[in-house]
Amino acid sequence: MKSLSASNSSTENFARELREMMAYFDANTPETEKARDAMPAELRAKMDALRLDADAIWARERARPEISAPWILKVPYVALCVMLDKLFDETQPVQRFWFLETVARMPYFSYTSMLTFYEILGWWRRSSELRKVHFAEEWNEYHHLLVMESLGGDACWRDRFLGQHAAIVYYFVLVALWLISPALAYNFSELIEGHAVDTYGQFVDQNAELLKSMPAPRIAISLDIVFLLQLIRWLLRDGLPLPGDFDVLIGFMQRFKHQFHRHANLKVAHVQALYDL
């Protein structure tokens with residue numbers, strides 16, 4: 001059995017990413033081209049035609065009800081959104097979504113870590129139901145991430161480097177916020193979830209006809225994701241039907257938007273659960 005020790009894993013990962021970094025800076029071997037070559041020509045042409053207008057995302061945010069948050073959260077939130085706009089232009093929507101999905105898992109990692117920490121110390125021992133919900137939410141985001149990887153969202157070394165390091169920073173920021181106030185940690189995550197809803201909504205509306213003609217990735221229609229969607233509905237006692245069609249890509253984009261919207265709305269309920277259980 002392969003060893004998963006920290007030394008072996010870190011050494012192998014460093015060697016692999018070093019090779020990819022060198023290829024990234026070598027203009028003769030672009031990584032994204034190699035990943036695109038694995039796609040059928042028709043699908044590759046449609047992927048290249050996908051667009052995402054950053055200005056329209058900001059317009060959506062201004063048009064919806066504002067998520068209440070203190071300035072100490074709003075400032076880094078706006079800075080993060082501006083950074084996304086600068087890093088990913090309108091021709092890189094899948095790469096932007098891969099970045100978002102990588103970061104989107106961190107709240108649930110940090111929440112379960114802190115709930116476990118509180119329970120170990122005997123500070124709060126009624127968190128089992130909340131941990132179960134956060135596990136289901138994180139596992140759902142993991143499948144979102146797999147879908148974006150199947151579309152080539154992580155093909156470029158630069159995107160992986162930025163996404164993984166941003167995720168590490170985000171994780172520890174949320175841990176620190178939780179230590180100050182769990183409400184702050186959930187509130188900051190609510191801001192990010194709201195931005196994801198606006199981003200997916202704009203992407204679906206802007207590329208609706210093209211997405212309807214694109215098949216859903218195999219991972220997206222696996223039984224695992226169907227089971228997990230049902231699991232989350234059961235855990236959250238949510239009987240509402242989830243939108244979308246499993247046969248085409250637009251159905252899953254609509255589902256992702258719906259799920260981010262549910263996650264954003266649940267942040268207030270999570271805080272209430274922390275203090276009321």
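Computed from a prediction, not measured in an experiment: that's the story for all the values here. (Residues numbered from 1 in each chain as written. Predicted model: local features only at pLDDT ≥ 70, side-chain atom pairs only at ≥ 80, totals over all residues. Heavy atoms only, no water.)

Q: What is the right way to look at the overall build of the protein chain in this model?
A: Each helix and strand in the protein chain was counted, giving 13 helices and zero strands. A buried classification covers 47% of the 277 residues belonging to the protein chain. For the protein chain, long-range pairs separated by at least 24 residues make up 80% of all intrachain contacts whose partners lie at least 6 apart in sequence. Approximately 14,300 Å² of the protein chain is accessible, and the part contributed by carbon and sulfur atoms is 62%. (Helix = DSSP H or I, 4+ residues; strand = E, 2+ residues; numbered from the N terminus. Buried < 20%, exposed > 50% of the residue type's maximum accessible area, 1.4 Å probe, protein only. Contact = heavy atoms within 4.5 Å. Areas by Shrake-Rupley, 256 points an atom, 1.4 Å probe, with all protein chains shown as cover.)

Q: What's the story with the environment of Cys 81 in this structure? I'm lost.
A: Topologically, Cys 81 is positioned in helix 5 (residues 71–87). Considering only alpha carbons, one finds Cys 81 and His 195, 114 residues apart in sequence, at a separation of 8.1 Å.

Q: Could you clarify how one ought to interpret the nonpolar core in this entry?
A: Judged by nonpolar contacts, the single largest core of 48 residues is most densely connected at Trp 178 and Phe 188. Taken together, the elements giving at least two residues each to this core come down to helix 4 (54–63), helix 5, helix 6 (93–104), helix 7 (106–120), helix 8 (128–150), helix 9 (157–180) and helix 10 (182–206). Looking at this core element by element, the count peaks at eight residues for helix 10. Among residues more than four places away in sequence, those in contact with Phe 188 are Leu 73, Pro 76, Tyr 77, Tyr 170, Leu 174 and Leu 177. (Core = buried A, V, L, I, M, F, W, Y, C linked by side-chain atoms within 4.5 Å.)

Q: What am I meant to see in the pattern of salt bridges here?
A: Applying the stated criterion across every chain yields a total of 10 salt bridges. Here Arg 160 and Glu 17 are joined by a salt bridge, their closest N and O atoms 3.3 Å apart. Residue Arg 160 is found in helix 9, and its partner Glu 17 is found in helix 1 (residues 6–25); the two are separated by 143 residues along the sequence. Glu 17 carries the same exposure label as Arg 160, and that label is buried. (Salt bridge = Lys/Arg side-chain N within 4 Å of Asp/Glu carboxyl O.)

Q: Looking at this structure, how should I read a negative patch on the surface?
A: Taken together, Asp 53, Asp 55, Asp 89 and Glu 90 make up a surface patch of like negative charges. Positionally, Glu 90 belongs in the loop between helix 5 and helix 6. Classification of Glu 90 as partly exposed rests on a relative accessible area of 42%. (Patch = residues over 30% accessible without salt bridge, like charges linked within 9 Å, V, L, I, M, F, W, Y side chains within 5 Å. Lys, Arg positive; Asp, Glu negative; His and termini not counted. Charge placed at Lys NZ, Arg CZ, Asp CG, Glu CD.)

Q: Honestly, the environment of Ser 7 in this entry has me stumped. Any pointers?
A: With respect to the helices and strands, Ser 7 occurs in helix 1. A distance of 3.3 Å separates polar atoms of two side chains, one belonging to Ser 7 and the other to Ser 5. (Polar contact = N/O pair within 3.5 Å; in protein donor to acceptor, adjacent residues only side chain to side chain.)

Q: I keep staring at the packing of helix 6 against helix 9 and nothing clicks. Help me out?
A: For any two helices packed against each other, the geometry is given by the interaxial angle and the distance between the axes. Where helix 6 meets helix 9, the closest approach of the two axes is 8 Å, and the angle between their N-to-C directions is 25°. Overall, the two elements helix 6 and helix 9 adopt an arrangement that is roughly parallel. The way helix 6 lies across helix 9 gives a crossing that is right-handed. The segment helix 6 lies against helix 9, with Gln 95, Trp 98, Phe 99, Thr 102 and Val 103 engaging Asp 159, Arg 160, Leu 162, Gly 163, Gln 164, Ala 166, Ala 167 and Tyr 170. Across the contact of helix 6 with helix 9, the residue classes tally to seven nonpolar, four polar and two charged. (Axes fitted to C-alpha atoms, helices over the stretch in contact; angles between N-to-C directions. Parallel < 35°, antiparallel > 145°, perpendicular 65-115°, else oblique. Left-handed = near helix turned anticlockwise from the far one by under 90°. Nonpolar A, V, L, I, M, F, W, Y, C, P; charged D, E, K, R; others polar.)

Q: Hey, could you run me through the packing of helix 9 against helix 10 in this one?
A: The geometry of helix 9 relative to helix 10 is characterised by a closest axis approach of 5 Å and an angle of 140° between their N-to-C directions. Classified by the angle their axes make, helix 9 and helix 10 are oblique. Contacts between helix 9 and helix 10 pair Tyr 170, Leu 174, Leu 177, Trp 178 and Ile 180 from the former with Pro 182, Leu 184, Ala 185, Tyr 186, Phe 188, Ser 189 and Ile 192 from the latter.

Q: I keep staring at the side chain of Gln 202 and nothing clicks. Help me out?
A: Positionally, Gln 202 belongs in helix 10. We classify Gln 202 as buried; its relative accessible area is 11%. Excluding residues within four positions of it along the chain, Gln 202 makes contact with Leu 52, Asp 53, Ala 56, Ile 57 and Arg 60.

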